Amino acid sequence: MATRIHLRRTLPLLITLIAGVLIILDFFVSGLPVSSQSVPILSKWATIIWGFAMPYSVLTLVIDHLKIIKKQTPGRWYYSIWMLVLIALMLYQGFTEGTGGDLYTELFTYMAAPVLSTVSGMLGLYALAASFRVWHARTPEALTMIIAGYLVVLGIIAPIGEIIWPGFGPLANFFNDYVFKAERTVFYIGTSVSAILLGIRTLLGYETYYMRVED
Amino acid sequence: MTQFLPYLQAISAVLTIGTLSFLYGENPYYRWAEYTVIGIATGNWLMMAINAIQNAALGSLLAGEYHVIIALILGVLYFSRFWGMPWLYRYPIATLTGIGLGLMIRGQPGVVIKNIVGVMWPMTADVSGIGAVLGALSLILGLSYFTYTKEHKGFIGGMAKTGRYFIMAFIGQRFVGEVSVYITVLIGRLSELVNYLLGRGI
Amino acid sequence: MTESDGIWSKILNLDRRIITIVAVLLIVWPLVKPIGLPIVVNKYTYQVHDLIDSYPEDTVVFIDNAIGLGYFGAMGPAFIDVLTHMTSKNFKIVCFSGLTPEGPITFWKCWNAVPKELTDNYEYGIDYVYLGFMTGGESTMIKAAENLHDLFTYDYYGTPLKDIPLLENIGNYEDYDIVLYCTSSEDYRGMMYRIWGETFKTNLILLAQRAVVPVNMIDAGLIKGYVRGLRGAAEYELILKRPGAAIAQLDAVSMFFIWMLGIVAIGNIAFFMRKREAKAG
Amino acid sequence: MAIVPFWLQGRTASSIMTILLFLFTVYLTSQARKGKFKTHIRELPAYDAIEEGIGRATEMNRPVFWATGDKGTLFNELAPHVLTSFAGLRYISELCVKYGAKQIVCVGGTKGGGADLLPYVQAIIDEAYTAGGKPGETEGIVRYIASEGSAYGAGLQGTITRENPAAVMIIAPFGDNMIPPAEAAGRVGAISIGGGARYGGSMDHHYVAFCDYWMICDEYFTFGALLTHEPATEAGIAIGDYTKWVLIALTALGFLFLQLGMPFIKNFLSMG
């Protein structure tokens, strides 16, 4: 029983600790033989291992859709077939002509690009519709939020602002150069400090997050 | 230029309108466009990943650095779920987590400290002087809002409540900034569609 | 009069489809018939243009083009304009794509959009080279900064790196005079600030999708310049005096925001009037 | 290759910060585990709103909606965020069983990321319902939507529009695919609670704009501490606070001394 736990919990934690400490050590005291040779190897490994995460995700996606086809879920299974056909088509083109091939690029540029950009664009339209219904100055803070939004639109984003009143540009840039700069720093400090502390807890094994989930 | 180009350009216009039709409501035309992009994007994604692994590993193997084989084995362990030993996937994750956290822990404090130094400007007697004071003040007040172990009462409460105004102003400008990003993407796409429909060529 | 059938409640419960379809029409109108509203150039666009202009011929530029197709409309025109400026000054360009596998497709789409008279005398392998997509995120950035030849075996077309004349004396961050990062992902920018800004202290220029400039990173000295999305592209085209796609599209941005600021104002008026009616009623 | 320590590499200030954070984490976590170090965490409006939302859903006999984040998987750096959202799901499920509210749990992700979260979510729901004495009622609660970003966002929007929930909880590592469900929540008049600690607060403006209650910047980690009361997490929140107060003091003093012509703080910090 002990080896089972060591294999599933202690050894992976040890790997995380050793890899993390080596990389931090190489930054603090550069030139140490143990870390200066191992860090280039570790970053090489990370690049390769990261590459395998993508085929794994694609495989889970394909298995997921094969189940849908087998169960003939109404209203979804023929779309899944169409999707798998397109994946196969891209793989065939990729292996025969290579990813630089004319048809491969055109397939992507004229069949994937339009939908991807339109979907991102529609997020903006949802945000527009929601801002009409939700963005109300119920509290002084909400009023500050709306005024800042108007100022940045007219001063920095849309050229129409400087046509209505040329003063919008300098005013918006003043706030962006000093106040919004400091608030962006506040958000970076807040999320960075928490991320560093979470990272340290994970390295030291206090936050054995992926260990607690039993298999 | 392949012989399929004119058909593909027509399909791209049809797909754009199909995606926009979702504004009116969920319909099969939209679902077809959605699964088209998932299929093509996933196929491209898989191809690029396979090329990247070859590109990164081949050179080292030819140059005799056989430690790369360990990385390839660790990568294959991702798929251990499919041959019944799901806990093996923890080894590639442990390696990536250790390396990722190590890089973040060692580099992030420097970014934080440089950002703080970036707020310290001399108080000259012009607009930038006022701005410098306003900047330092809004950083101090804003950061005091994101503290959790003390109730926001008394002096700290006052700092946090004023800081909240600065934070809400920042969030307002960021919301409009994000909306403008999505809209510029939509404008880019619609201008290509308009140019195609008016025959101005994409 | 109950709250739900007042005129103001009807306005507030306006069908969202009307709002979005009017927005699409307002966007399409200037695309069909451009208006040509004047554009004021921001000081940060001058800053990044003058920075690039200050470099001599044969400067080596290392580019990571991580522009996905989901954000191409916001960043593509800006990348085309920066490439136009760099090729007009005969810079040596070494480019790869991290993070998003759509990088190779957006790179060639932008490269082919650069004016032909500039790219005709650019020979592949001598003046510019493209290395294709590479996974890995931060660890790949370290490898690209410390030992490019250990990261890539061959380039996008499969020619080994040692046979490429341009890369003979280019291999680490000391050889890159300018580092240009094009990415819309906040996490990827976090990695970029750590590696290229904090650890290797290179001349880093960020091209992103937002029009609002991250001044804190410029004052912190982590990036030397920022190209601000579609608005930045339009301003860049004005400075370079090469009008392109971005200027025409900015009219549509203005039309959209006239509509957005208008309906948010109407929404607030309706909200307060309904509250007053509810109190009075 | 000469051995160069950090104080000669111009990285003094940032390295001291890293070392101090390491030492404090080790010390305070061991104290917290022995019970010698207690952290008082102030109340979070969003945390209290969860119980209020579920109560409202029970009265109006409308379901409670929860969804996994589309960016988080157990394989990338957002894994801790995923597990905080699982702790949130456990808390919500226990409250739903207690109040007898109907529950909808949607699972999905980007690039195939949803499929691997499904077993864990199902396990949490089964545990919560058996512990609450209603083992048989987990049928139809967990639904698998899609494993691709845009399809997942559209699927969530459709689920909310059809099922008309009274409370929508978007407390997970989401990307911009949280906009369709959040917008739909506003349309059906549900209480919406949103939060997630993406780097640099990259999604916070959407949470504030769309949701009634929200957690921005790193309030999401405090939410995790309130849920689990894990000694290590609570100690981490405390260290984070002390770090922020020290950084506030450094900013204020550095700025003041700079104006008085003695920029020794700024010079020390700029050494690296």
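Residues numbered from 1 in each chain as written. Chains lettered and ligands numbered in written order. Predicted model: local features only at pLDDT ≥ 70, side-chain atom pairs only at ≥ 80, totals over all residues. Heavy atoms only, no water.

Asker: When you look at a nonpolar patch on the surface in this model, what are you seeing that I'm missing?
Answerer: Residue and element names in this part refer to chain D. Together, Ile16, Leu20, Phe24, Tyr242, Phe268 and Met271 make up an exposed nonpolar region whose accessible area comes to about 530 Å². Element by element, the count of residues in the nonpolar patch is highest for helix α1 (residues 12–33), at three residues. With respect to the helices and strands, the residue Phe24 is situated in helix α1. (Patch = residues over 30% accessible without salt bridge, like charges linked within 9 Å, V, L, I, M, F, W, Y side chains within 5 Å. Areas by Shrake-Rupley, 256 points an atom, 1.4 Å probe, with all protein chains shown as cover. Salt bridge = Lys/Arg side-chain N within 4 Å of Asp/Glu carboxyl O. Helix = DSSP H or I, 4+ residues; strand = E, 2+ residues; numbered from the N terminus.)

Asker: Even after reading the chapter, I still don't get the packing of aromatic side chains, so can you show me in this structure?
Answerer: In this description, an aromatic ring pair is defined by two values, namely the gap between the centres and the angle between the planes. One pass over the full model with this rule turns up 52 aromatic pairs over all chains. A ring pair is formed by Phe175 of chain A and Phe180 of chain A, whose centres lie 6.3 Å apart and whose planes are at 35 degrees; its orientation type is tilted. With a relative accessible area of 29%, Phe175 of chain A lands in the partly exposed category. Ring plane angle 85 degrees and centroid distance 6.3 Å describe the contact between Tyr188 of chain A and Tyr193 of chain C, whose orientation is recorded as edge-to-face. Pair noted here: Tyr188 of chain A is in helix α7 (residues 168–203) and Tyr193 of chain C is in helix α9 (residues 186–199), and the two residues belong to different chains. (Phe/Tyr/Trp six-rings, centres within 6.5 Å; stacked < 30°, edge-to-face > 60°. Buried < 20%, exposed > 50% of the residue type's maximum accessible area, 1.4 Å probe, protein only.)

Asker: Any chance you could explain the sheet that holds strand β5 (residues 191–195) of chain D here in plain terms?
Answerer: Residue and element names in this part refer to chain D. With parallel pairing, the six strands of this open sheet are ordered in space as β3-β2-β1-β4-β5-β6. At either margin of the open sheet sits one strand with a lone partner, and together these are β3 (142–144) and β6 (213–215). For this sheet, the mean angle separating the axes of adjacent strands, direction not counted, is 15 degrees. Sheet topology note: the strand β1 (residues 64–67)/strand β2 (residues 103–107) ladder contains four bridges and is parallel. Its bridge partner lying in β2, Trp66 is registered against Val105. The strands touched by helix α5 (residues 149–163) within the sheet are β1, β2, β3 and β4 (167–171), with β2 carrying the most contacts at an inclination of about 165 degrees. (Pairing = 2+ DSSP bridges. Axes fitted to C-alpha atoms, helices over the stretch in contact; angles between N-to-C directions. Contact = heavy atoms within 4.5 Å.)

Asker: Sorry, what's going on with the environment of Pro160 of chain C here?
Answerer: Residues and elements named next belong to chain C. Turning to its location among the elements, Pro160 is positioned in the loop between α8 (148–151) and β4 (178–183). The partly exposed category is assigned to Pro160, whose relative accessible area is 28%. Each C-alpha atom of the pair Pro160 and His149 lies 9.7 Å from the other, and the pair is 11 residues apart in sequence. Once residues lying within four places of it in the same chain are set aside, the contact partners of Pro160 are Thr153 and Tyr154.

Asker: Would you explain the packing of helix α4 (residues 102–134) of chain A against helix α6 (residues 154–197) of chain B in this entry?
Answerer: Angle between the axes and distance between the axes: these two values describe a pair of packed helices. Closest axis-to-axis distance for the α4 of chain A/α6 of chain B pair is 8 Å, and the angle between their directions is 140 degrees. In this view, α4 of chain A runs oblique relative to α6 of chain B, as classed from their interaxial angle. As α4 of chain A packs across α6 of chain B, the resulting crossing turns out to be left-handed. Taken together, the residues of α6 of chain B that come into contact with α4 of chain A (itself represented by Pro114, Ser117, Thr118, Ser120, Gly121, Leu123, Gly124, Leu125, Ala127 and Ser131 of chain A) are Phe175, Val179, Tyr182, Ile183, Val185, Leu186 and Arg189 of chain B. In terms of residue class, the contact of α4 of chain A with α6 of chain B is built from 10 nonpolar, six polar and one charged. (Parallel < 35°, antiparallel > 145°, perpendicular 65-115°, else oblique. Left-handed = near helix turned anticlockwise from the far one by under 90°. Nonpolar A, V, L, I, M, F, W, Y, C, P; charged D, E, K, R; others polar.)

Asker: Looking at this model, I keep getting lost on the interface of chain B and chain A. Mind explaining?
Answerer: The parts lose accessible area when they come together, and the size of an interface is often stated as this lost area. Across the contact, 109 residues belong to chain B and 105 residues belong to chain A. Buried surface at the junction of chain B and chain A, both sides included, amounts to about 10500 Å², of which 80% is carbon and sulfur. Among the residues chain B hides against chain A, the three largest losses belong to Ile40, Arg90 and Arg106 of chain B. Together they make up 8% of the total. Linking chain B to chain A there are one salt bridge. A salt bridge links Arg164 of chain B to Glu141 of chain A, with the shortest nitrogen-to-oxygen separation between them at 3.0 Å. Where chain B packs against chain A, one counts 15 residue pairs in polar contact (both at pLDDT 80 or more). Residues of the side of chain B that touches chain A, tallied by class, amount to 73 nonpolar, 30 polar and six charged. (Buried area = accessible area lost by both parts, 1.4 Å probe. Polar contact = N/O pair within 3.5 Å; in protein donor to acceptor, adjacent residues only side chain to side chain.)

Asker: Whenever I open this one, the sheet that holds strand β6 (residues 225–228) of chain C confuses me. Can you help?
Answerer: Think of a sheet as strands paired side by side through backbone hydrogen bonds, with each pair either parallel or antiparallel. Residues and elements named next belong to chain C. The strand order β3-β2-β1-β4-β5-β6 describes an open sheet built from six strands, whose pairing is parallel. Each end of this open sheet is capped by a strand with a single partner; those strands are β3 (128–134) and β6. Mean inter-strand twist for the sheet, computed between neighbouring axes without regard to direction, equals 15 degrees. Across the sheet, helix α4 (residues 72–88) lies against β1 (60–66), β2 (92–98), β4, β5 (204–208) and β6, angled at about 160 degrees from β4, the strand it touches most.

Asker: Hey, could you run me through the interface of chain A and chain C in this one?
Answerer: Residue-level contacts link 48 residues of chain A with 63 residues of chain C. For the pairing of chain A and chain C, the buried interface totals around 4900 Å² over both sides, and the portion due to carbon and sulfur atoms is 69%. Scanning the region where chain A abuts chain C turns up four salt bridges. Among the ionic pairs, Arg231 of chain C bridges to Glu162 of chain A, the shortest N-O distance being 3.6 Å. Scanning the region where chain A abuts chain C turns up 19 residue pairs in polar contact (both at pLDDT 80 or more). Within the residue set of the side of chain A that touches chain C, elements represented by two or more residues are α2 (33–71), α4, α5 (140–157), α6 (160–164) and α7 of chain A.

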